[in-house]
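One letter stands for each residue in the lines below.
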Amino acid sequence: MSRQYFIAGNWKMHKTRAEAADLAKTLVLQLKDGKHKYLVAPSFTSLETVGAIVKDTNVLLGAQDVAAEEQGAHTGEVSVLQLKDLGVQVVILGHSERRHTYKEDDALINKKVKLALKHGFEVILCVGETLEEREAGQAEVVCESQTLWGLSGVSAIDLAKVTIAYEPVWAIGTGKTASPEDAEAIHAYIRKVIARVYGEESAQKLIIQYGGSVKPDNVAQLMAKENIDGALVGGAALKSDTFVPIAQFS
Ligand code: 13P
């Protein structure tokens with residue numbers, strides 16, 4: 001089955017509104033004839049600015065997280081209702097920086113996944129093992145558990161709005177990329193897990209992105225693998241010079 005490639009830029013905690021606007025404008029121009037699916041996820045503070053630029057283009061607007069509650073006394077949090085109001089279409093959840101630095105557990109991430117889907121967002125659910133877990137031979141088990149927990153209670157219909165991003169923690173921002181073969185092995189495994197729970201057809205349709213030091217010079221080898229259907233890009237997403245060649249790989 002041929003799946004559409006989905007190339008996403010996670011801008012993390014970078015860029016003022018003016019800087020974000022500059023990058024968004026360049027991307028909209030340079031990707032307008034691009035043949036893949038595209039997303040940019042700026043900081044909350046730049047969502048409105050970037051949203052106005054990408055509106056009605058082929059670049060989707062993403063948020064990097066969302067609160068687990070709809071609204072209320074949650075100082076510092078941002079709700080699904082507020083993201084919807086800004087035109088956000090996709091929410092990234094369970095990023096390794098949320099899991100490891102901010103101690104988000106699978107139960108919390110699952111709550112966010114279900115809330116975001118209930119409000120009509122697409123979700124990118126990130127999973128991935130640490131170096132210790134990989135060295136202990138636990139990469140598959142960790143990714144399986146994060147995938148199953150993250151999707152617990154998600155219907156087959158809602159699964160169509162979910163992308164899984166495999167981001168090995170040891171490859172994020174380190175310049176170390178998983179080899180295409182190692183990444184492919186985990187992607188294939190995740191697809192098998194999804195097939196077991198949701199059936200083969202849903203599993204074949206699922207987009208599984210790879211993330212972790214994706215660069216213009218390694219994207220094509222990664223995307224050539226059967227079960228790698230896109231990229232979630234951090235550092236190289238911060239400049240059009242590096243993001244555009246990734247987004248236009250062929
Ligand atoms: P890098 O591309 O900087 O390794 O970051 C990957 C990532 O965390 C994307 O969400």
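Structure shown above.
Residues numbered from 1 in each chain as written. Predicted model: local features only at pLDDT ≥ 70, side-chain atom pairs only at ≥ 80, totals over all residues. Heavy atoms only, no water.

So, about the site of the ligand. Residues in close proximity to the ligand total 13 residues, the closest being Lys12, His95, Gly173, Ser213 and Gly235. Taking Lys12, its side chain carries an N or O atom lying 2.8 Å from an oxygen atom of the ligand. Take Gly234: an N or O atom from its main chain is 2.9 Å from an oxygen atom of the ligand. Compared with its free state, where it exposes 310 Å², the ligand has 97% of that area covered by protein. (Near = heavy atom within 4 Å. Polar contact = N/O pair within 3.5 Å; in protein donor to acceptor, adjacent residues only side chain to side chain. Areas by Shrake-Rupley, 256 points an atom, 1.4 Å probe, with all protein chains shown as cover.)

With that settled, consider empty space enclosed by the protein. Vacant regions in the atomic arrangement are exposed by a probe of water-molecule size rolled over the atoms. Counted according to the given criterion, the structure contains one cavity of 30 Å³ or more. Here the largest cavity is characterised by a volume of approximately 40 Å³. Lining the largest cavity are Gly94, His95, Ser96, Arg99, Cys126, Val127, Gly128, Gln146, Glu167 and Val169. The set of elements that each furnish at least two residues to the lining of the largest cavity consists of α4 (96-101) and β5 (122-127). Taken together, the residues of the lining of the largest cavity break down into three nonpolar, five polar and two charged. (1 Å grid on protein atoms, 1.4 Å probe; cavity = no way out; pocket = protein on both sides within 12 Å on 5 of 7 lines; lining within 4 Å. Points joined across faces, edges and corners; volume = space filled by probe spheres on them. Helix = DSSP H or I, 4+ residues; strand = E, 2+ residues; numbered from the N terminus. Nonpolar A, V, L, I, M, F, W, Y, C, P; charged D, E, K, R; others polar.)

Time to look at unusual backbone geometry. A positive phi is found at Asp56, a non-glycine position, where the angle reads about 60°. In this model, Lys103 sits at a positive phi of 55°, which is unusual for a non-glycine residue. When you line up the elements, Lys103 lands in the loop between α4 and α5 (106-118).

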